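Descriptive analysis of the structure
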Amino acid sequence: MVSAKGFLMNSEKTRELLPSPEEKNVAVQIFGSDPEELSRAADVLSDEYPWIDLNAGCPVRKVVKKGAGGGLLRDLDLFRAVVKELRKHVKGKFTVKTRLGWNENQISKIYEILVEEGVDEVFIHTRTVAQAFTGKADWKSLSVLDKKIPTFVSGDIFSPEDAKRALEESGCHGVLVARGAIGRPWLFKQIKDFLERGKYSEPSTDEILRSFEMHLSLLVEDKGEEKAIKEIKKFVAGYTKNLKGARRFRDEMMKIKNLQTLKEMFYNFLREV
Ligand SMILES: Cc1cc2nc3c(=O)[nH]c(=O)nc-3n(C[C@H](O)[C@H](O)[C@H](O)COP(=O)(O)O)c2cc1C
């Protein structure tokens, strides 16, 4: 997720957020509120990336205050103008990530705009912007949509069973998983197995360890050692969820500044439990 303005100003911080163009199946998500600014960013970005997504759902105050992210849903005429303009400028796949509405459910109207303006796919977090992350995601609220374009349901999908129920209740083509996959990257495969074969298995200690090590080495490759160590700590809670002694282990881990020590500690903890 990058700011269109930041990108156009050539901000180094924004550039750092961009994935390598060689990476496959990666979308650059842009946020902003000015159709012209967003279009200029999309023009340049879509020369390099095959998939551009518009953020029309972020509830963070700093973003919404400027009419961007979820703030776009406050004025659906402006929202339409943004989508229309972007469609003209994105050369490849153009998708939108959104919510049910600003502070009430207006998803039918929002969806109609997206279909009419020629968006390729839509991703919907089934809460309003005002709800942020409170209350429960309302998967059923998407059942009224005619699904003329590939439509994905998001919100509170933490297990393969949740994914199945979200698909059934929403009638969507697919699901989007966010918090549930933090420190549990195998969740995607579990969901796939469950939907295709009706069963799935929990990862063994060895598999957890391999996932963690791969995650860490990709982070080091991407961000360098120092940043990788900071970043992986955000995921440790997920990797060690429900394991005995996890809280004490996490506290210890937060103090570590050395990559090798970090790996050894994780290995020893898993072996112990
Ligand atoms: C740490 C974090 C970062 C997120 N970043 C983005 C983002 O950059 N763009 C976006 O459209 N949604 C973002 N989301 C929202 C998720 O895509 C998703 O819609 C929301 O978390 C609800 O799904 P969940 O219950 O599976 O987490 C983020 C959520 C979390 C928790």
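Since we're looking at a predicted model, the values are computed, not measured.

Right, let's get into the domain arrangement of the protein. The domain architecture assigned to the protein consists of domain 1 (2-195) and domain 2 (205-272). Taking the mean C-alpha position of each, domain 1 and domain 2 sit 30 Å from one another. Taken residue by residue, the interface counts 6 residues in domain 1 and 8 residues in domain 2. Summing the contributions of domain 1 and of domain 2, the shared interface buries around 520 Å²; its carbon and sulfur component is 65%. A per-residue breakdown of the area domain 1 buries against domain 2 is headed by I182, G183 and W186, which together make up 67% of the total. Linking domain 1 with domain 2 are 1 salt bridge, by the criterion used here. Here domain 1 and domain 2 share 1 residue pair in polar contact (both at pLDDT 80 or more) between them. In the side of domain 1 that touches domain 2, the residues fall into 3 nonpolar, 1 polar and 2 charged.

Attention now goes to the site of the ligand. Close to the ligand lie M1, Q29, N55, K97, H125, F133, S154, G155, D156, A178 and R179. K97 is positioned such that a nitrogen or oxygen atom in its side chain is 2.9 Å from an oxygen atom of the ligand. A178 places a main-chain nitrogen or oxygen 3.0 Å from an oxygen atom of the ligand. Look at the ligand: alone it shows 600 Å² of surface, and the protein chains cover 68% of it. Looking at the shell around the ligand residue by residue, the classes come out as 3 nonpolar, 5 polar and 3 charged.

Taken from the UniProt record, the annotation "domain: DUS-like FMN-binding" (unreviewed entry) applies to residues 1-265. With 47% helix and 12% strand, residues 1-265 has end C-alpha atoms that lie 33 Å from one another.

Next up on the list: the packing of helix 9 (residues 205-223) against helix 10 (residues 225-239). Viewed as axis vectors pointing N to C, helix 9 and helix 10 meet at an angle of 150°, and their least axial separation amounts to 8 Å. One finds that helix 9 runs roughly antiparallel with respect to helix 10. Considering how the two elements wind past one another, helix 9 and helix 10 form a crossing that is right-handed. Touching I208, S211, F212, H215, L216, L219, V220 and K223 of helix 9 are E225, K227, A228, E231, I232, F235, V236 and Y239, all from helix 10.

Another aspect to go through is the pairing of strand 2 (residues 28-31). Here strand 2 shows no split at all, with V28 and I30 on one side and Q29 and F31 on the other all buried. Here 2 bridges tie strand 1 (residues 2-3) to strand 2, and the two strands are oriented parallel to one another. The residue of strand 2 that forms the bridge with S3 is F31. Pairing geometry for strand 2 and strand 3 (residues 51-56), over 3 bridges, is parallel. Opposite I30, over in strand 3, you have L54 as the bridge partner. As for the winding sense of the linkage, the β-α-β connection from strand 2 through helix 3 (residues 35-48) to strand 3 is right-handed.

What follows concerns the packing of aromatic side chains. A full pass over the atoms with the stated rule returns 9 aromatic pairs. Both rings, one in Y239 and one in F266, keep their centres 6.1 Å apart while their planes meet at 80°; by these two values the pair is edge-to-face. One end of the pair, Y239, is in helix 10; the other, F266, is in helix 12 (residues 259-272), and 27 residues separate them in sequence. On the basis of relative accessibility, which here comes to 2%, the residue Y239 falls in the buried class. Members of the aromatic cluster, each reached through a chain of ring pairs, are W186, F212, Y239, F249, F266 and F269. Over the ring of W51 we find K93; its NZ or CZ atom is 3.8 Å from the centre of that ring. In this structure, R99 is placed above the aromatic ring of F133, and the distance from its NZ or CZ to the ring centre is 5.6 Å.

Definitions and limits used
Residues numbered from 1 in each chain as written. Predicted model: local features only at pLDDT ≥ 70, side-chain atom pairs only at ≥ 80, totals over all residues. Heavy atoms only, no water. Domains from an automatic or database assignment. Contact = heavy atoms within 4.5 Å. Buried area = accessible area lost by both parts, 1.4 Å probe. Salt bridge = Lys/Arg side-chain N within 4 Å of Asp/Glu carboxyl O. Polar contact = N/O pair within 3.5 Å; in protein donor to acceptor, adjacent residues only side chain to side chain. Nonpolar A, V, L, I, M, F, W, Y, C, P; charged D, E, K, R; others polar. Near = heavy atom within 4 Å. Areas by Shrake-Rupley, 256 points an atom, 1.4 Å probe, with all protein chains shown as cover. UniProt positions renumbered as here; feature names shortened; annotations may be inferred. Helix = DSSP H or I, 4+ residues; strand = E, 2+ residues; numbered from the N terminus. Axes fitted to C-alpha atoms, helices over the stretch in contact; angles between N-to-C directions. Parallel < 35°, antiparallel > 145°, perpendicular 65-115°, else oblique. Left-handed = near helix turned anticlockwise from the far one by under 90°. Buried < 20%, exposed > 50% of the residue type's maximum accessible area, 1.4 Å probe, protein only. Pairing = 2+ DSSP bridges. Right-handed = clockwise from strand over helix to strand, strands pointing away. Phe/Tyr/Trp six-rings, centres within 6.5 Å; stacked < 30°, edge-to-face > 60°. Lys NZ or Arg CZ within 6 Å of the ring centre and 35° of its normal.

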